[in-house]
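Overview (structure and organization)
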Amino acid sequence: MARGLSNREIAEELFISENTVKNHIRNILEKLQMKSRMEAAMYAVRSKLVDNVP
């Protein structure tokens, strides 16, 4: 998600369904009380949960 991949691209990389990706992202946003993927990705980078990504 932090790399800007679509749900389909994430699903292909992880060998899971696109619906599973959607569910995981929805759960992440809900738990972090965020409204967008971009907000969550920026949080992950700032918090050093992921390396800076291009």
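One structure accompanies this document, and this report is about it. Everything numeric here is computed off the predicted structure, so don't read it as measured data. Numbering of residues begins from 1 in every chain and follows the order in which that chain's sequence is written. Side-chain atom pairs in this predicted model are given and counted only at pLDDT of 80 or more, local residue features only at pLDDT of at least 70, and totals for whole chains, interfaces and linings cover all residues. Heavy atoms throughout the structure, all of them, feed into the side-chain values; hydrogens and water do not.

**Some details on the overall build of the protein**
A run of H or I in DSSP becomes a helix once it reaches four residues, and a run of E becomes a strand once it reaches two; helices and strands are each numbered from the N terminus. Tallying secondary structure elements over the protein gives three helices and zero strands in all. Taken from the N to the C terminus, the helices and strands of the protein come in the order α-α-α. Throughout, the radius of gyration refers to the C-alpha atoms, and the reference size of a globule is 2.2 Å times the residue count to the power 0.38. Against the globule reference of 10 Å for 54 residues, the protein gives a C-alpha radius of gyration of 11 Å, in line with a compact fold. In this charge count, Lys and Arg are treated as positive and Asp and Glu as negative; neither His nor the chain ends contribute. Charge placement uses NZ in Lys and CZ in Arg. For Asp and Glu, CG and CD serve respectively. Computed over 9 positive and 7 negative side-chain charges, the separation of the two mean positions in the protein equals 6 Å.

**What about the pattern of salt bridges?**
Just to be clear on terms, a salt bridge is a Lys or Arg side-chain nitrogen sitting within 4 Å of an Asp or Glu carboxyl oxygen. The full count for this structure, using the stated rule, is two salt bridges. A salt bridge links E13 to R3, with the shortest nitrogen-to-oxygen separation between them at 2.7 Å. Of this pair, E13 sits in helix α1 (residues 7–14) while R3 sits in the segment before α1, and the two are ten residues apart along the sequence. Relative accessibility thresholds used throughout: buried, under 20% of the residue-type maximum; exposed, over 50%; partly exposed, between the two (1.4 Å probe, protein chains only). Judged by its relative accessible area of 45%, E13 falls in the partly exposed class. E18 is paired through a salt bridge with R8; the nearest N and O atoms lie 3.7 Å apart. Note that E18 is positioned in helix α2 (residues 18–32) and R8 in helix α1, a separation of ten residues in sequence. Its relative accessible area of 28% is what places E18 among the partly exposed residues. Judged by its relative accessible area of 53%, R8 is exposed.

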